[in-house]
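A closer look at the structure
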Amino acid sequence: MRARAELAVALAPAADGRTRSRVSRLRSDGPVLLRPSIATGAEPLRRWALDGPGTARVARVAGAGGPLGGDDLRLRVDVGPGAALVLRDVSATVALPGPHGDMSRADTTVRVGRGATLVWLPEPVIAARGCDHRVSTRIDLGRGARLVVREELLLGRYGEARSPGTVRQRLRVCVEGRPVHDQEIAVGPGAPGWQGSAVTGGRPALGNVLVLDPEWGTGRYARPPVEARTDAALLPLSDTAVLLTALADDALALRHALDASLAGLENDENDDPSTETAPAAQVLLSRPGSR
């Protein structure tokens, strides 16, 4: 099956005279369906003030099972200058084998215009036994654009953690044409060494959250909590971008670790440095030339 979906958001005048982000194009084919949605709770990074009616919200809904082997799914997202979009999934994506052993693909291309904001929080991709799935995401940001994007991957359904399907997943993020983040991960029987300590360490759940905010200044941010069922890290990529990454024993522990790490990025200017218990308890993100 081949399916295409397109989503565009732009600033438009509202009845109260203010400008708000509005969905200007919404086109989708099953099994990738896009539907306008409403806020279901507080959005991440409160300082971005995305909870009000000025933010466009869209949900991605599965119109059929899969993707199945042989499926080719493509999504294009365009967030216009100054607009704000929160894009979520309704449910997880289960990559399944097809009847002929073919590979399935899911390609997403995103453009975020000058001064625009995208919060993209998809649900996990589940690599069911026997699947061969490729995920490719490219996000191009204009000057002053802000981004939160989450990736979660579960190795198999219940009882399949030792023998999941094969998934290759790549995320590339560029700002004004210059790469900020380009990461590819391959897991499953088609990826040698995937169970090693350099990839999954034997954990069946892995994920990342990439946050980019051009207005970041010097701030103190809590490191991710590390529990018995979770390994987590916070990796500054530049003075404006940070990658949160985690491995866990299950989907719930993974989501908890990523959510807690994201909450730790809230900049609290009232933090007292004298309360720090250990140098490793915090990470400093700073602009060049700042203390």
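As the structure is a prediction and not an experimental result, all values here were calculated from the model. (Residues numbered from 1 in each chain as written. Predicted model: local features only at pLDDT ≥ 70, side-chain atom pairs only at ≥ 80, totals over all residues. Heavy atoms only, no water.)

1. A word on the overall build of the protein chain
- Helices and strands together make up the secondary structure of the protein chain, namely 1 helix and 19 strands.
- Each of the 291 residues in the protein chain was classed as buried or not, and the buried ones make up 45%.
- Excluding contacts between residues fewer than 6 apart, the proportion of contacts in the protein chain whose partners are at least 24 apart in sequence is 75%.
- If you sum the accessible surface of the protein chain, you get close to 13,900 Å²; carbon and sulfur atoms cover 51% of it. (Helix = DSSP H or I, 4+ residues; strand = E, 2+ residues; numbered from the N terminus. Buried < 20%, exposed > 50% of the residue type's maximum accessible area, 1.4 Å probe, protein only. Contact = heavy atoms within 4.5 Å. Areas by Shrake-Rupley, 256 points an atom, 1.4 Å probe, with all protein chains shown as cover.)

2. A word on unusual backbone geometry
- Of note, the amide linkage connecting Gly 66 to Pro 67 takes the cis form, showing an omega dihedral of 25°.
- Phi is positive for Ala 49, which is not a glycine, with a value near 55°.
- In this fold, Ala 49 is placed in the loop between β3 (32-36) and β4 (56-62).
- Residue Ala 49 is classed as exposed on the basis of its relative accessible area of 63%.

3. Some thoughts on the nonpolar core
- Core analysis: the largest hydrophobic core is formed by 31 residues, its most contacted members being Leu 85, Val 112, Ile 139 and Leu 147.
- Leaving out residues up to four positions away in the same chain, Val 112 has contacts with Val 79, Thr 117, Leu 118, Ile 139, Asp 140, Leu 141, Gly 142, Ala 145 and Arg 146. (Core = buried A, V, L, I, M, F, W, Y, C linked by side-chain atoms within 4.5 Å.)

4. Brief notes about empty space enclosed by the protein
- Counted by the stated rule, this structure contains 2 cavities of 30 Å³ or more.
- Empty space within the largest cavity amounts to approximately 530 Å³.
- Surrounding the largest cavity, 32 residues form its lining, Arg 60, Asp 89, Thr 93, Ala 106 and Val 125 being those nearest its centre.
- Elements supplying a minimum of two residues to the lining of the largest cavity: β4, β5 (72-79), β8 (104-112), β11 (132-141), β12 (146-154) and β13 (166-175).
- Looking at side-chain class alone, the lining of the largest cavity contains 16 nonpolar, 8 polar and 8 charged residues.
- The space that makes up the second largest cavity amounts to roughly 70 Å³.
- As for the second largest cavity, its lining consists of Glu 151, Leu 153, Gln 169, Arg 170, Leu 171, Gln 183, Ile 185, Leu 206, Gly 207 and Asn 208.
- Counting only elements with at least two residues in the lining of the second largest cavity, the list comes to β12, β13, β14 (178-187) and β15 (205-212). (1 Å grid on protein atoms, 1.4 Å probe; cavity = no way out; pocket = protein on both sides within 12 Å on 5 of 7 lines; lining within 4 Å. Points joined across faces, edges and corners; volume = space filled by probe spheres on them. Nonpolar A, V, L, I, M, F, W, Y, C, P; charged D, E, K, R; others polar.)

5. Re the sheet that holds strand β2 (residues 19-28)
- One open sheet accounts for 7 strands, arranged β2-β1-β5-β8-β11-β13-β14; its pairing is mixed. Across the chains shown, the open sheet's two edge strands, defined by having one partner strand only, are β2 and β14. Going across the sheet, the axis of each strand differs from the next one's by a mean of 10°, ignoring polarity.
- Bridge analysis of β5 against β8 gives 8 bridges, and the strand direction is parallel. Residue pairing for β8: Arg 74 is matched across the bridge by Asp 107. (Pairing = 2+ DSSP bridges. Axes fitted to C-alpha atoms, helices over the stretch in contact; angles between N-to-C directions.)

6. Topic: the confidence of the model for the protein chain
- Averaged over all residues, the pLDDT of the protein chain equals 85, while 87% of them reach at least 70.
- Under a pLDDT of 50 for its full length, residues 268-291 has, in the predicted model, 40 contacts with residues more than four places off or in other chains. (pLDDT = per-residue confidence, 0-100.)

7. Some details on the pattern of salt bridges
- A complete count under the given rule lists 23 salt bridges for this structure.
- Residue Asp 231 pairs with Arg 203 through a salt bridge whose shortest N-O separation is 3.2 Å. Taken together, the residues Asp 231 in strand β17 (residues 230-236) and Arg 203 in the loop between β14 and β15 connect sequence positions 28 residues apart.
- With a relative accessible area of 14%, Arg 203 lands in the buried category.
- The salt bridge involving Arg 203 is made with Asp 249; its shortest N-O contact spans 3.5 Å. A residue pair is termed long-range when its members are at least 10 positions apart, and Arg 203 in the loop between β14 and β15 and Asp 249 in the loop between β18 (241-248) and α1 (251-263) qualify at 46 residues.
- The class for Asp 249 is partly exposed, based on a relative accessible area of 38%.
- If you follow the salt bridges from partner to partner, you end up with Arg 4, Asp 72, Arg 74, Arg 105 and Asp 107 in one network. (Salt bridge = Lys/Arg side-chain N within 4 Å of Asp/Glu carboxyl O.)

8. Considering α1
- Taking 1.5 Å as the rise per residue, α1 with 13 residues should run 18 Å; its terminal C-alpha atoms sit 18 Å apart, in good agreement.
- Buried residues of α1: Ala 253, Leu 254, Ala 257, Leu 258, Ser 261 and Leu 262, and no others. All buried residues of α1 lie within an arc of 165° about the axis, which places them on one face of the element. For α1, the exposed residues lying more than 90 degrees away from the buried face are Leu 252 and Ala 263.
- For α1, the secondary structure elements touched by its buried residues are β12, β15, β17 and β18.
- With a side-chain oxygen lying 3.1 Å from the backbone nitrogen of Leu 252, the N-terminal cap of α1 falls on Asp 250. (Expected span 1.5 Å × (residues − 1). Arc of directions from axis to C-beta. Polar contact = N/O pair within 3.5 Å; in protein donor to acceptor, adjacent residues only side chain to side chain.)

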